[in-house]
Amino acid sequence: MAKENQTTSLPEFLLLGFSDLRALQGPLFWMVLLVYLVTLLGNCVIMLLTQAGPALHSPMYFFLRHLSVVELLYTTNIVPRTLADLTSPHPQAISFQGCAAQMYVFIVLGISECCLLTAMAYDRYAAICRPLHYSTLMSRQACISMVGTSWFMGIITATTHSSLIFSLPFPRHSVIPHFLCDILSVLRLASAGKHRSEVSVMTATVVFIMVPFSLIVTSYARILGAILAMSSIQSRHKVFSTCSSHLLVVTLFFGTASITYIQPQAGSSVTTDRILSLFYTVITPMLNPIIYTLRNKEVTGALQHMVKRHVLSP
């Protein structure tokens, strides 16, 4: 009986999704489905190329492969549920445990991506500013440690955030004004104690966004100094081209994350939050492999070689 009461006392959430924008549900379904399929294909290609291509066995591509794994899991945690909800004109129920699990995975992968992007920036710093020590600084053991640390930081952050949020009391039935169990959207539904938890969660979120971002800015400040010290314009262009793809991905990721989680609550709206979230949970994971494929000659060369070898060869 005690177990039954404990189970029935758990609140149930309703995800608003895009049920209040019924005219957009059909177009959004097909757009999200198409983007998701391109994301799966693009990230799987990156993972295959960086694993099989001998020219792509450097630390930068080791990190890129793990970034593609994170992107694949990240979007898969959100999109299938979103596609199912887009087929219904009404908000869809999600259990307390289901919401907690989705948020936990969401945070683990989001923080891991922050840390992986920071490791990739450090790799570019080591290659450009300390080339003589590059093999030592970016040894295989060092790369594995950085990837492991990225996952560890994600797990620690997710455990802390989830414990703070889901230990709060919630109304029996609540509508989450979002298409996923986002941190702030769920936290603001709490019946009591949400102010202190919101301050704690927001502080931790800002730290875990701004600290990696600050390290990336520091790395690129030193890289810029090294580039400007080069006398040849051709050398400057060549060195900068090795960083341009990563810079663009960093701008997309941290730009949308900062706007979403660091903006004042009063300055946000339900529709704006969902559009921004749709961008960084659906669009950005698709753009990353495209950016690295189109703007990186080594990846493009490896892709062309694979196509010629496995598709065009008789």
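For the structure, see preceding data.
Residues numbered from 1 in each chain as written. Predicted model: local features only at pLDDT ≥ 70, side-chain atom pairs only at ≥ 80, totals over all residues. Heavy atoms only, no water.

Trainee: Kindly report on the overall build of the chain, identifying the contributing residues and their values.
Mentor: Within the chain, the secondary structure is distributed over eleven helices and three strands. Start at the N end of the chain and walk to the C end: the helices and strands fall as α-β-α-α-β-α-α-α-β-α-α-α-α-α. In the chain, buried positions account for 47% of the 314 residues. By sequence separation, contacts in the chain at least 24 residues apart represent 79% of the contacts at least 6 residues apart. (Helix = DSSP H or I, 4+ residues; strand = E, 2+ residues; numbered from the N terminus. Buried < 20%, exposed > 50% of the residue type's maximum accessible area, 1.4 Å probe, protein only. Contact = heavy atoms within 4.5 Å.)

Trainee: Outline the environment of Thr 39, supporting the account with residue identities and numerical values.
Mentor: Here Thr 39 lies in helix H2 (residues 22-52). Along the sequence, Thr 39 and Thr 75 sit 36 residues apart, while their C-alpha atoms lie 8.3 Å from each other. A distance of 3.5 Å separates a polar atom in the side chain of Thr 39 from the backbone nitrogen of Met 286. (Polar contact = N/O pair within 3.5 Å; in protein donor to acceptor, adjacent residues only side chain to side chain.)

Trainee: With reference to specific residues and values, describe the layout of surface pockets.
Mentor: The space that makes up the largest pocket amounts to roughly 410 Å³. Residue assignment for the lining of the largest pocket shows that the elements contributing at least two residues are helix H3 (59-86), helix H9 (233-262) and helix H11 (297-312). In terms of residues, the lining of the largest pocket owes the most to one element, H9, which gives five residues. (1 Å grid on protein atoms, 1.4 Å probe; cavity = no way out; pocket = protein on both sides within 12 Å on 5 of 7 lines; lining within 4 Å. Points joined across faces, edges and corners; volume = space filled by probe spheres on them.)

Trainee: Would you mind going over the state of the cysteines in detail, with residue names and values included?
Mentor: All chains considered together, the criterion is met by one disulfide. Each sulfur in the disulfide pair Cys 99 and Cys 181 lies 2.2 Å from the other. Since a negative S-S torsion denotes a left-handed disulfide, the Cys 99-Cys 181 link at about -130° is left-handed. Linking Cys 99 in helix H4 (residues 96-129) with Cys 181 in the loop between strand S3 (173-176) and helix H7 (183-187), this pair joins segments that are 82 residues apart in sequence. Each of the two residues, Cys 99 as well as Cys 181, counts as buried. Cys 129 carries a free sulfur, and the closest cysteine sulfur to it, the one in Cys 243, is 8.8 Å from it. Taking relative accessible area as the criterion, Cys 129 reaches 27% and is therefore assigned partly exposed. (Disulfide = S-S within 2.5 Å.)

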